[in-house]
Amino acid sequence: MSQQQAWYKQFWPWFLIILPACAVVASLTTLKIALDNSDSLVAEEYYKEGKAINMDLRKVKYAQQLGMQYSMELKGKEILLSQEGGPAYQAALDVQFYHPTQAEKDFRLKATADAKGIYHIKLDKPIVGNWEVRLESYDSKWRIHKRLNLKDATQYWLN
């Protein structure tokens, strides 16, 4: 009669241990990926941001009451903004571009008008695709925002 081998020298116990061990390693790897790459679309303080949105709606309604309207034209690496409606506004504009899904592409800058009342914005590289564009007065009294599918050499209306 042959002597039976110890359990750790046999194939089947190790096979049965490796299967759940692989599942544990895979789940820990998935957890690490999920923690490292959090979703930027979910706000941690959603209630406060919701209240802020209501404040922003007041600014948008005020801009509509004033009749504020701008045309925006893309020319390669330059954006031209000119006022087309509402009371004359020559102060600086707070211009914001928000990408709908990639927060790292968002940018914000101040633009000042030249003598003709045209705001020139120089960019590092041309922007194309879906963007939310926001124009806000320097004193934050009114705001215009619109979601646009931007293409080069195209004129858009912001109202």
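Everything here concerns the structure above.
Residues numbered from 1 in each chain as written. Predicted model: local features only at pLDDT ≥ 70, side-chain atom pairs only at ≥ 80, totals over all residues. Heavy atoms only, no water.

**Student:** What exactly am I supposed to notice about the nonpolar core here?
**Tutor:** What tends to happen in soluble globular proteins is that the nonpolar side chains get buried as a cluster. Of all hydrophobic cores here, the largest spans 25 residues; its most connected members are Y70, M72, I79, L81, F97, L150 and L158. Where this core is concerned, the elements lending two or more residues are β1 (69-75), β2 (78-85), β3 (93-98), β5 (118-122), β6 (129-137), β7 (143-150) and β8 (155-158). Leaving out residues up to four positions away in the same chain, Y70 has contacts with S82, Q83, E84, Y89, L93, Y119, L135, W142, I144, Y156, W157 and L158. (Core = buried A, V, L, I, M, F, W, Y, C linked by side-chain atoms within 4.5 Å. Buried < 20%, exposed > 50% of the residue type's maximum accessible area, 1.4 Å probe, protein only. Helix = DSSP H or I, 4+ residues; strand = E, 2+ residues; numbered from the N terminus. Contact = heavy atoms within 4.5 Å.)

**Student:** Honestly, the sheet that holds β2 in this entry has me stumped. Any pointers?
**Tutor:** The strands making up a sheet associate through backbone hydrogen bonding, with each pair oriented either parallel or antiparallel. Sheet architecture is open: four strands sit in the order β5-β2-β1-β8, paired in antiparallel fashion. In this open sheet, the two edge strands, each paired with only one partner strand, are β5 and β8. Along the sheet, successive strands turn relative to each other by an average axial angle of 25°, direction set aside. Judged from the seven bridges that link them, β1 and β2 form a sheet pairing that is antiparallel. Bridged to E73 within β2 is L80. (Pairing = 2+ DSSP bridges. Axes fitted to C-alpha atoms, helices over the stretch in contact; angles between N-to-C directions.)

**Student:** In this structure, what is going on with the side chain of D94? I would like to understand it.
**Tutor:** Following the sequence through the fold, D94 ends up in strand β3. With relative accessibility at 4%, the residue D94 sits in the buried group. There is a polar contact of 3.0 Å between the side chain of D94 and the side chain of Q96. Setting aside chain neighbours within four positions, we find D94 in contact with R108, L109, K110, R134, L135 and E136. (Polar contact = N/O pair within 3.5 Å; in protein donor to acceptor, adjacent residues only side chain to side chain.)

**Student:** Which parts of the structure should I look at to understand the pattern of salt bridges?
**Tutor:** When their charged atoms lie close together, side chains carrying opposite charge are able to pair. Under the defined criterion, the tally for this structure stands at seven salt bridges. Close ionic contact of K59 with E136 constitutes a salt bridge, the shortest N to O distance being 3.1 Å. Of this pair, K59 sits in helix α2 (residues 46-66) while E136 sits in strand β6; the two residues are 77 residues apart in sequence, bridging distant segments of the chain. In terms of burial, K59 and E136 fall into one category: buried. Residues joined in a network through salt bridges with shared partners are K59, E136 and R143. (Salt bridge = Lys/Arg side-chain N within 4 Å of Asp/Glu carboxyl O.)

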